[in-house]
Amino acid sequence: MKRLLFIFILCAFAESISASSDSDTSTRRERNYIREGNDLYEQKRYADAEVSYRKAVEENPMSETALYNLALSLIRQAGNTDPNAENNPMQEAQSILNSLAESAQKAEIAEKALYNLGNMAFNQEQYEQAIGRYKGALRRNPDNDQTRENLRLAQLKLQQQQQQQQNQDQNKDQNKDQNQDQQQQQQQNQDQNKDQNKDQNQDQQQQNQDKKEQQQQQQPQRQNISDDNAAKILKTMENEENATRRKVQEMQKKKGQGGQRTTGPQW
C-alpha cells in the first residue's frame, strides 16, 4: 500500500505551471525559459529543465512560476534518495516550496506548494506535518479531491503510527516491570542465601565452641598452687627430711655404742 501511495504522490509532483499563468511583470525571456524548461521536464530531462528554470529565475527572481517549477525539477532529480543526505536536491526544493507556501501572491502557487510539502512529509512518514500541509492546501482550494484523499490517508497512517508507538511503549513498560521483578527476585534469593550462610556459619561456630569446651572438660584439671602454699609445702618437706635425718643419726649412734666391750690386758 505504501509503495502504491508513494507512486501516486510522486505523480502529483509532475504538475508544473505554464508561463502563461504568470503576471504581467514577467519578461519575454523569462517566459521563454519557463516554456523551454517545461518541454524538457515533459521529456523527463529534469537536470536540463532545472537549468532553464534557473535562467528564468535569473531574469526575474520574483517569478513564482519559475521557482515552483524549479522545485519540481529538483524533486524529480532527488528520486528515492535520503532527503536528509548532504547536497540532496530535495532540501533546496523544500526550502523553495516553504517560501512559496508562506509568501506566494498567487493562491494556485501557494496551494500547490503546500500540497507538495504534504507529499514530502508523507513520504518521510511525518504524518502529522503532512496533515497540516494538506489542510493548508485545502483552505486555498477546497475542491481538490486529490488533496483530500491524501489527507485521509495521512490521518489513517498517523493513527497506525500512534497505535504502534503505544504498543511499543506498553511492551517497553512490561519488559521494564519484568526486569524489575527479576531483579527483586534475584535480590531476595541473594538475601536468603546470605541469611542461610550466616546461620550455617553461626551453627558451625557454636558446634566448634561446644566441642572445644567438651575437650577441655575431659582433660585433667591442673591445680594452681600459690606462692605461700608452695613455701609451706617446701618447709614441711624440709622439716620432715631433717627429722628423718636426726632419727637415722641417733640410730647409728646407739648402734655404735652397743658394739663396744671393755677388755683387760691379755696375759
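Refer to the preceding data block for the structure.
Bear in mind the structure is a predicted one, so any value in this text is a computation, not a measurement.

*Asks:* Explanation requested: the overall build of the protein in the structure shown.
*Replies:* Of regular secondary structure, the protein possesses nine helices and zero strands. The N-to-C order of helical and strand elements in the protein reads α-α-α-α-α-α-α-α-α. With 267 residues in all, the protein has 28% of them scored as buried. Long-range contacts, defined as pairs at least 24 residues apart, comprise 55% of the intrachain contacts of the protein with a sequence gap of at least 6.

*Asks:* Quick question: what am I supposed to make of helix 6 (residues 107-123) here?
*Replies:* Structurally, the α-helix is built with 3.6 residues per turn, so residues lying three or four positions apart point the same way. In a regular helix each residue adds 1.5 Å, so 17 residues correspond to 24 Å; helix 6 covers 24 Å between its end C-alpha atoms and thus fits that length. A large share of helix 6 lies buried, amounting to 14 of its 17 residues. Of the residues trailing helix 6, glutamate 125 is marked for its positive phi of about 65°.

*Asks:* Looking at this structure, how should I read the packing of aromatic side chains?
*Replies:* Here the distance between the centres and the angle between the planes together describe a pair of aromatic rings. In total, this model carries three aromatic pairs according to the counting rule given. On the numbers, 6.1 Å between centres and 50° between planes, the contact of tyrosine 115 with tyrosine 134 is tilted. Taken together, the residues span a long stretch of sequence, with tyrosine 115 in helix 6 and tyrosine 134 in helix 7 (residues 127-140) at a distance of 19 residues. You can call tyrosine 115 buried: its relative accessible area is 7%. Judged by centre distance (5.3 Å) and plane angle (75°), the ring pair of phenylalanine 122 and tyrosine 127 falls under edge-to-face. With relative accessibility at 4%, the residue phenylalanine 122 sits in the buried group.

*Asks:* Explain the pattern of salt bridges here, please?
*Replies:* Opposite charge on two side chains lets them pair, provided their charged atoms get close. Applying the stated criterion across every chain, the model contains seven salt bridges. Note that aspartate 48 and arginine 45 form a salt bridge whose closest N and O atoms lie 3.1 Å from each other. Taking relative accessible area as the criterion, aspartate 48 reaches 34% and is therefore assigned partly exposed. Each of Glu50, Arg54 and Glu92 takes part in salt bridges that share partners, so that together they form one network.

*Asks:* I keep staring at a nonpolar patch on the surface and nothing clicks. Help me out?
*Replies:* On the surface, a nonpolar cluster with roughly 310 Å² of combined accessible area is contributed by Ile233, Leu234 and Met237. In this fold, isoleucine 233 is placed in helix 9 (residues 227-258).

*Asks:* In this structure, what is going on with the side chain of serine 63? I would like to understand it.
*Replies:* By the element assignment, serine 63 lies in the loop between helix 3 (46-59) and helix 4 (64-78). Looking at serine 63, the relative accessible area reads 1%, which means it is buried.

*Asks:* Even after reading the chapter, I still don't get the packing of helix 4 against helix 6, so can you show me in this structure?
*Replies:* Between two packed helices, both the angle of their axes relative to each other and the distance between the axes serve to describe the pair. For the pair helix 4 and helix 6, the least separation of the axes is 11 Å and the interaxial angle reads 20°. Comparing their axes, helix 6 and helix 4 come out roughly parallel. Between helix 4 and helix 6 lies a crossing of left-handed hand. Listed contacts from helix 6 to Glu64, Thr65, Tyr68, Leu72 and Ile75 of helix 4 are Ile109, Lys112, Ala113, Asn116 and Met120. Along the lines of polarity and charge, the residues of the contact of helix 4 with helix 6 split into six nonpolar, two polar and two charged.

*Asks:* Even after reading the chapter, I still don't get the nonpolar core, so can you show me in this structure?
*Replies:* Nonpolar side chains tend to gather and get buried jointly when the protein is soluble and globular. Counting residues in each nonpolar core, the largest one holds 39 residues, and the members touching the most others are Tyr68, Ile75, Leu97, Leu100, Phe122 and Tyr134. For this core, the elements supplying multiple residues, two or more each, are helix 2 (28-42), helix 3, helix 4, helix 5 (89-103), helix 6, helix 7 and helix 8 (145-218). Looking at which element gives the most residues to this core, the answer is helix 6, with nine residues. Discounting residues that sit within four places of it in the chain, leucine 97 has contacts with Tyr68, Ala71, Ile75, Ala113, Asn116, Leu117 and Met120. In terms of nonpolar packing, the next biggest core, distinct from the first, is built from five residues, Tyr33, Ile34, Val57 and Ala66 among them.

Calculation criteria
- Residues numbered from 1 in each chain as written.
- Predicted model: local features only at pLDDT ≥ 70, side-chain atom pairs only at ≥ 80, totals over all residues.
- Heavy atoms only, no water.
- Helix = DSSP H or I, 4+ residues; strand = E, 2+ residues; numbered from the N terminus.
- Buried < 20%, exposed > 50% of the residue type's maximum accessible area, 1.4 Å probe, protein only.
- Contact = heavy atoms within 4.5 Å.
- Expected span 1.5 Å × (residues − 1).
- Phe/Tyr/Trp six-rings, centres within 6.5 Å; stacked < 30°, edge-to-face > 60°.
- Salt bridge = Lys/Arg side-chain N within 4 Å of Asp/Glu carboxyl O.
- Patch = residues over 30% accessible without salt bridge, like charges linked within 9 Å, V, L, I, M, F, W, Y side chains within 5 Å.
- Areas by Shrake-Rupley, 256 points an atom, 1.4 Å probe, with all protein chains shown as cover.
- Axes fitted to C-alpha atoms, helices over the stretch in contact; angles between N-to-C directions.
- Parallel < 35°, antiparallel > 145°, perpendicular 65-115°, else oblique.
- Left-handed = near helix turned anticlockwise from the far one by under 90°.
- Nonpolar A, V, L, I, M, F, W, Y, C, P; charged D, E, K, R; others polar.
- Core = buried A, V, L, I, M, F, W, Y, C linked by side-chain atoms within 4.5 Å.

This is a description of form; function is not addressed.
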